[in-house]
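Residues per chain are reported as follows:
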Amino acid sequence: MKRTIKKVAVLGSGIMGSRIACHFANIGVEVLLLDIAPKELTAAEQAKGLDLSDKRVKNRIVDSSLQNALKSNPSPIYSKSVLHQISTGNFADNMKDITSCDWIIEVVVENLEIKKSVFDQVEQYRKPGTLIASNTSGIPIHLMAEGRSEDFKKHFCGTHFFNPPRYLRLLEIIPTPYTDPEIIDFLLEYGDLYLGKTTVLCKDTPAFIANRVGVFSIMSLLHLVQKLDLTVEEVDKFSGPALGRPKSATFRTSDVVGLDTMINVANGLVQNAPNDESKDAFVLPDYVKKMQENKWLGDKTSQGFYKKVKDKDGKSEILSLDLKTLEYKPQQKVKSTTLDETKKIDNLQERMRVYAKGKDKAGEFFRISFAGLFEYVSNRIPEISDELYRIDDAMRAGFGWELGPFEVWDAIGVKEGIEIMEQHGKKPALWVNDMLSSGNASFYKIENGIKQYYDIPTKTYKTIPGRDSYIILDNIRPTKTIWKNKGTTLTDLGDGILNLEFHTKMNTIDGEVLAGINKAIDIAEKSYKGLVIGNDAANFSAGANVGMIFMMAVEQEWDEVNMAIKMFQDTSMRIRHSAIPVILAPHNLTLGGGCEFCLHADHVQLYAETYMGLVEFGVGLIPGGGGSKEFALRASDEFKEGQIDQNILKDRFLTIAMAKVSTSALEAFELGYLQTGKFSITMNRDRLISDAKTKALDLANAGYSAPVPRKDVKVLGNSGLGMVYAGANSMRSGNYISEYDQKISQKLGYVMCGGDLSAPTIVNEQYLLDLEREAFVSLCTERKTLERIQSIITGGKPLRN
């Protein structure tokens, strides 16, 4: 049966329900968000003479919840334009409307009886065949299915989103014994393709997979603190980015999520997993019990493991909790030889090996914590999952770990991991030793660029289902690289398409990257069909390497600056006018020069979470890699008979002048960084390179021909400059901008208006590029620009004479 999701009902509008509704709206699905009707009037409603039958009263809870979600930061929506997808209502009046929905998701309070009563109402109105799911995080799924109709049970399962649903990629799918396998297959694929999730099939066991393992890991650390005499600062330093974990690490994460949330899961596991051999780890340490009594639950109570206070000068200071005395104290700097060693290593797998051999407290922390974690996850198979890769997937997508536990174990070596375990009184499950005995030395291996996992029952390696359609550059780079330099690698994606990835810090753009792009296009034009520019790093590109510009400017090598910017512009234009289609595949931060490359691509295949912008104003410059020219060109294309051209130019000008950065791919389009018909959005980050390759093939096979340089760009000259100067002068007079910001604004206006022209004029692209480059170089001569650049490079230290 072909199934299409056009409309979803979300029952329950609390923190999770309202945000799940927003994420479905993000992908263009119509949403009906319902909640209970109030039983009492508020004072404000009474003052207005309203009664309980008034729609405004009946929908107060749901409407208030949705508005609270929309005010949250980060935002649950890609753009305000998606809000029309959501309609609200209440159970009493609008439960009947679920008959038009294709998927019904229950997200009410974690109480089995309340959930059952909601399902009683659902059964009255739900049309046969409609998907029905619960977002519970702890109630056994099969208990909710008991007593329901056969059709209900066949189409029912758990769908556990993680909060916030837009940003955390995990979606756990939990079937009951009655769930139709086709429903599970559909949800696994739908979550992947359309919701952008890492979908993980779970068994109906306490806390499912991610919370079971994640809370074990956190609770183990809470106990380890006492054993190793660790401070809050040390734990968060040892268990943060150096370990491939989020910056919030352990205790800061607890403060953000809420200590009570973790306590509830831990207490639930003590009660519901009596046969767990490590159940003692879930028993709360005394200091955690005391924090619970004191209501030191984290951000929601303004103090937890950390507390923000004002010092005697009125400045904010964040104190940390002394776990021995339970008193707050100034944070202490953490020193560790092992951590210092890991800072030198970009490759996370290599970093794990350094951690494992560390001779200080950080090394001991690693060995003891992972000895317990390795034992725990190996013993959870087949209890919570039959396949080991699902545990790693869940931890990466749900808790933000860059490596799952089995991947860390592989990184340090399975045999070496067992030796560490034995040193600390731990041992792996028998199947791990059986794996080694059968000649298999790792949990994963790469075969023909595809990642395979060790399948325990067959003692063989199998391809992870669905992953054969992913292109993971780390997996293919060793065998498919055809050219590289210090800053880039060119890889053969197959079918005549190449991929160029950057390897500089934050993927900033320097001479090596520019040379790499030009070389990649040379090779592609000679022997291939198309080129993708994309990578698997944390961000696509933070923009140009301003440090390089700074050094040349300090030395007053103006010819060198001019040449560097000319090369940047020429590279942007090479992307646009090459003989083969060039597809840009940005994700996450795509700033400055990275954005400028996208402006010149034949097509932009971007991840939904792409934060794109021309931010050069922040360092006292204007976009110099073709971005200023391109916005003038796009403004020209938008000039229409009967409209005021200056208003269109103003919108384009302000996007650059205010350094606007999109909060999503959709908003990047609304800001003008993307053009209709020349971009596509990929919801699942893991599919981005594959989708970009497909687009390159589509353009090549359709008979691609390169666009010709434009000679028909209308610029407004002095009529536009007058608007820019008047606006900048007004902002300066009101002290909204500095005198130097006023100067930068005038420089940008000069470029976008085509210079000092007495009347609107038709010019070509190169004319605008020359103006752009001249303005950029002139700003580099300004001390204010150098001070701003150095402030970024040095963290605010003043410029020396």
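This report concerns the structure included in the present document.

Reading the values: rules and limits
Residues numbered from 1 in each chain as written. Predicted model: local features only at pLDDT ≥ 70, side-chain atom pairs only at ≥ 80, totals over all residues. Heavy atoms only, no water. Helix = DSSP H or I, 4+ residues; strand = E, 2+ residues; numbered from the N terminus. Contact = heavy atoms within 4.5 Å. Areas by Shrake-Rupley, 256 points an atom, 1.4 Å probe, with all protein chains shown as cover. Lys, Arg positive; Asp, Glu negative; His and termini not counted. Charge placed at Lys NZ, Arg CZ, Asp CG, Glu CD. Pairing = 2+ DSSP bridges. Axes fitted to C-alpha atoms, helices over the stretch in contact; angles between N-to-C directions. Parallel < 35°, antiparallel > 145°, perpendicular 65-115°, else oblique. Left-handed = near helix turned anticlockwise from the far one by under 90°. Nonpolar A, V, L, I, M, F, W, Y, C, P; charged D, E, K, R; others polar. Core = buried A, V, L, I, M, F, W, Y, C linked by side-chain atoms within 4.5 Å. Buried < 20%, exposed > 50% of the residue type's maximum accessible area, 1.4 Å probe, protein only. Phe/Tyr/Trp six-rings, centres within 6.5 Å; stacked < 30°, edge-to-face > 60°. Lys NZ or Arg CZ within 6 Å of the ring centre and 35° of its normal. Patch = residues over 30% accessible without salt bridge, like charges linked within 9 Å, V, L, I, M, F, W, Y side chains within 5 Å. Salt bridge = Lys/Arg side-chain N within 4 Å of Asp/Glu carboxyl O.

1. Overview of the overall build of the protein
Alright, step 1. Scanning the protein for helices and strands turns up 34 helices and 25 strands.
Alright, step 2. Residue pairs in contact within the protein that sit at least 24 positions apart in sequence constitute 69% of those at least 6 positions apart.
Alright, step 3. Roughly 34700 Å² of accessible area belongs to the protein as shown, and the carbon and sulfur atoms make up 50% of that amount.
Alright, step 4. Taken as two groups, the 98 positive and 103 negative side-chain charges of the protein have centres that lie 2 Å from each other.

2. Let's talk about the sheet that holds strand 9 (residues 306-310)
Alright, step 1. The antiparallel open sheet is built from three strands, whose spatial order is 9-10-11. The sheet is open, and its two borders are formed by strand 9 and strand 11 (327-330), each paired with just one other strand. Pairs of neighbouring strands in the sheet enclose a mean axial angle of 45°, with direction left out of account.
Alright, step 2. Where strand 9 meets strand 10 (residues 316-322), five bridges bridge the pair, whose relative direction is antiparallel. Across the sheet, residue Lys307 finds its bridge partner in strand 10, namely Leu319.

3. Focus on the packing of helix 23 (residues 511-527) against helix 25 (residues 558-577)
Alright, step 1. Two elements in contact, helix 23 and helix 25, have axes whose closest approach is 10 Å; the angle formed by their N-to-C orientations is 30°. Between helix 23 and helix 25, the angle is such that the two are roughly parallel. Viewed along their axes, helix 23 and helix 25 form a crossing whose handedness is left-handed. Where helix 23 approaches helix 25, its residues Gly511, Leu514, Ala515, Ile517, Asn518, Ile521, Asp522 and Glu525 are matched on the opposing element by Met567, Phe568, Thr571, Arg574 and Ile575.
Alright, step 2. Its residues assigned to classes, the contact of helix 23 with helix 25 comprises seven nonpolar, three polar and three charged.

4. Section: the nonpolar core
Alright, step 1. Core analysis: the biggest nonpolar cluster contains 113 residues, and Leu11, Val122, Phe305, Met352, Phe406, Trp431 and Phe443 have the highest contact counts within it.
Alright, step 2. Those residues in contact with Met352 that sit more than four places away from it in its chain are Ala242, Leu243, Phe366, Leu403, Val408, Ala411 and Ile412.
Alright, step 3. Core analysis: the second largest hydrophobic core is formed by 78 residues, Leu498, Val619, Ala665 and Cys753 among them.

5. A look at the packing of helix 17 (residues 361-379) against helix 19 (residues 405-412)
Alright, step 1. The geometry of helix 17 relative to helix 19 is characterised by a closest axis approach of 10 Å and an angle of 125° between their N-to-C directions. Between helix 17 and helix 19, the angle falls in the class oblique. Crossing angle aside, the handedness with which helix 17 passes helix 19 is left-handed. Listed contacts from helix 19 to Phe366, Phe370, Leu373, Phe374, Val377 and Ser378 of helix 17 are Pro405, Phe406, Val408, Trp409 and Ile412.

6. A closer look at unusual backbone geometry
Alright, step 1. A cis amide bond links Asn73 to the next residue, Pro74, at an omega of 5°.
Alright, step 2. With respect to the helices and strands, Pro74 occurs in the loop between helix 4 (60-71) and strand 3 (86-90).
Alright, step 3. Residue Gln556 is not a glycine yet carries a positive backbone phi of 55°.
Alright, step 4. Following the sequence through the fold, Gln556 ends up in the loop between helix 24 (546-554) and helix 25.
Alright, step 5. What makes Gln556 exposed here is its relative accessible area of 56%.
Alright, step 6. Unlike most non-glycine residues, Asn588 shows phi in positive territory, near 50°.

7. Overview of the packing of aromatic side chains
Alright, step 1. Applying the stated rule across the entire model yields 30 aromatic pairs.
Alright, step 2. Between the aromatic rings of Phe216 and Tyr376, the centroid separation amounts to 3.9 Å while the plane-to-plane angle is 5°, which identifies the pairing as stacked. With Phe216 in helix 10 (residues 210-228) and Tyr376 in helix 17, the pair connects residues that are 160 residues apart, well separated along the chain.
Alright, step 3. Since its relative accessible area comes to 5%, Phe216 is described here as buried.
Alright, step 4. Three or more aromatic residues joined by ring pairs make a cluster, and in this case those are Tyr355, Phe366, Phe370, Phe374, Phe406, Trp409, Trp431 and Phe443.
Alright, step 5. Positioned above the aromatic ring of Tyr178, the side-chain terminus of Lys153 is 4.3 Å from the ring centre.
Alright, step 6. A cation sits over an aromatic face here: Lys451 above Tyr444, 4.4 Å from the ring centre.

8. Some details on the environment of Val513
Alright, step 1. If you trace the backbone, Val513 turns up in helix 23.
Alright, step 2. On the basis of relative accessible area, Val513 is assigned to the buried category, the value being 0%.
Alright, step 3. C-alpha separation for the pair Val513 and His503, spaced ten residues apart in sequence, amounts to 8.5 Å.
Alright, step 4. Those residues in contact with Val513 that lie beyond four places of it in its chain are Gly487, Thr488, Phe502, Thr504 and Thr508.

9. Brief notes about the sheet that holds strand 15 (residues 481-484)
Alright, step 1. Spatially, seven strands are ordered 15-16-17-18-19-21-23 in an open sheet, and the strand pairing comes out mixed. On the outer flanks of this sheet lie strand 15 and strand 23 (679-682), each paired with one strand and no other. On average, each strand axis in the sheet is tilted by 20° relative to the strand beside it, whichever way the strands run.
Alright, step 2. Here strand 21 (residues 603-607) pairs with strand 23 via four bridges, running parallel. Residue pairing for strand 23: Leu606 is matched across the bridge by Ile681.
Alright, step 3. Packed on one face of the sheet, helix 23 meets strand 15, strand 16 (488-494), strand 17 (497-502) and strand 18 (530-534) and runs near 175° to strand 17.

10. Considering the side chain of His160
Alright, step 1. Assignment of secondary structure puts His160 in strand 6 (residues 156-161).
Alright, step 2. With a relative accessible area of 5%, His160 lands in the buried category.
Alright, step 3. In this structure His160 touches Asn135, Thr136, Ser137, Leu170, Leu171, Glu172, Ile174, Phe208 and Asn211, once residues within four positions along its chain are discounted.

11. Digging into a positive patch on the surface
Alright, step 1. Judged by side-chain charge, Lys237, Lys247, Lys333 and Lys335 come together as a positively charged surface patch.
Alright, step 2. Residue classification places Lys247 among the exposed residues on the basis of a relative accessible area of 77%.

12. Considerations on the pattern of salt bridges
Alright, step 1. One pass over the full model with this rule turns up 58 salt bridges.
Alright, step 2. In this structure, Lys462 and Asp455 form a salt bridge, with 3.4 Å as the shortest nitrogen-oxygen distance.
Alright, step 3. For Asp455, a relative accessible area of 7% puts it in the buried group.
Alright, step 4. Lys693 is the partner of Asp495 in a salt bridge, and the nearest nitrogen-oxygen pair spans 2.8 Å. Of this pair, Asp495 sits in the loop between strand 16 and strand 17 while Lys693 is found in helix 30 (residues 688-701), placing the two residues 198 residues apart along the sequence.
Alright, step 5. Note on Asp495: relative accessible area 54%, which makes it exposed.
Alright, step 6. Look at the salt bridges and you will find they share partners, linking Arg212, Asp276, Glu277, Arg380 and Glu383 into a network.

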